[in-house]
Amino acid sequence: MNPIWRDLLIPQVPWYSLILRAVIAWLAVLILLRLAGKRQVAQMGIGEFVALLLISNAVQNSMNGGDNSLVGGLILAAVLIVLSHLFSYLTYRFRKLEVLVQGRPTLLIHRGQIVHHALQKELLTVTELRHLLRKQGIHELREIQEAVLEPDGFISIVKKSELPEEPDMQRNDVY
């Protein structure tokens, strides 16, 4: 076989090593992103974006172990897709795993008042919160019944004007 085709088609690293490297790298990046916090993923600044690009480059080298073959790359891509689908299924199937990995929603504003300890927990300043609210067309805190930082980093807002005329609503699902 021509050396060009051999290098292109035959992995230089055993296939099982590529699979193991992909699984370990995927889990490590997942854990690192989870530790970074939910705010970081959804409202990425330029610094976080650059870090994400560099992480992908650094992890790529550790996953392929020096293998630049086409088959090796396809094995890695297939493993990452399988892991993604498996992860989606497992978090769908097991609520505790979903909460562990995705996190819980955080109440940031309640009845127009900022919940300061929640902002501190999420490393979110009042200025950043107001900026995010303005992006959603909210200019006054008193308009808000509640604002919740969701596990995906998005802020869900319920305006007081959107509430039905009912007695005080209690939220037991937000921590």
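Note: the structure precedes this text.
Here the structure is a predicted model, which is why all the values come from computation and not from measurement.

### Notes on the packing of aromatic side chains
For the structure shown, the criterion picks out two aromatic pairs. The interplanar angle of 75° and the centroid separation of 5.4 Å between the aromatic rings of W26 and F87 together place this pair among those described as edge-to-face. Here W26 is found in helix α2 (residues 15–36), whereas its partner F87 is found in helix α5 (residues 70–93), with 61 residues between them in sequence. There is no split in this pair, since W26 and F87 are both buried.

### Remarks on a nonpolar patch on the surface
A cluster of nonpolar side chains, L9, I10, L70 and L74, forms an exposed patch at the surface whose accessible area comes to about 350 Å². Mapped onto the secondary structure, L70 falls in helix α5. By relative accessible area, L70 is classed as partly exposed at 44%.

### Quick look at the environment of R130
Mapped onto the fold, R130 is located in helix α8 (residues 126–135). Sequence-wise, R130 and L141 are eleven residues apart; in three dimensions their C-alpha atoms are separated by 8.6 Å.

### A short note on the pattern of salt bridges
A full pass over the atoms with the stated rule returns three salt bridges. The partner of E98 in a salt bridge is R95, with the nearest N and O atoms 3.0 Å apart. With E98 and R95 both in helix α6 (residues 95–102) and three residues apart, the pair spans about one turn of that helix. Taking relative accessible area as the criterion, E98 reaches 29% and is therefore assigned partly exposed. Assessed through its relative accessible area of 56%, R95 is described here as exposed. Its salt-bridge partner being E122, residue K121 comes within 3.9 Å of it at the nearest N-O pair. Note on K121: relative accessible area 56%, which makes it exposed. Residue class for E122 comes out buried when judged on its relative accessible area of 10%.

### Description of the nonpolar core
Soluble globular proteins: nonpolar side chains tend toward being buried together. L108, I109, L129, L133, I144, I155 and I157 are the most contacted members of the largest nonpolar core, which totals 17 residues. Once you skip the residues sitting within four places of it in the chain, I157 turns out to touch L133, Q136, I138, I144, E146, A147 and E162.

### Notes on α2
With 22 residues, α2 extends 32 Å from end C-alpha to end C-alpha; this agrees with the ideal 32 Å at 1.5 Å per step. Among the residues making up α2, those that are buried are S17, L18, A22, A25 and W26. Each buried residue of α2 sits inside an arc of 160° when the element is viewed along its axis, so together they form one side. Opposite its buried face, α2 presents the exposed residues Y16, L20, I24 and L35, each directed more than 90 degrees away.

About the thresholds
- Residues numbered from 1 in each chain as written.
- Predicted model: local features only at pLDDT ≥ 70, side-chain atom pairs only at ≥ 80, totals over all residues.
- Heavy atoms only, no water.
- Phe/Tyr/Trp six-rings, centres within 6.5 Å; stacked < 30°, edge-to-face > 60°.
- Helix = DSSP H or I, 4+ residues; strand = E, 2+ residues; numbered from the N terminus.
- Buried < 20%, exposed > 50% of the residue type's maximum accessible area, 1.4 Å probe, protein only.
- Patch = residues over 30% accessible without salt bridge, like charges linked within 9 Å, V, L, I, M, F, W, Y side chains within 5 Å.
- Areas by Shrake-Rupley, 256 points an atom, 1.4 Å probe, with all protein chains shown as cover.
- Salt bridge = Lys/Arg side-chain N within 4 Å of Asp/Glu carboxyl O.
- Core = buried A, V, L, I, M, F, W, Y, C linked by side-chain atoms within 4.5 Å.
- Contact = heavy atoms within 4.5 Å.
- Expected span 1.5 Å × (residues − 1).
- Arc of directions from axis to C-beta.

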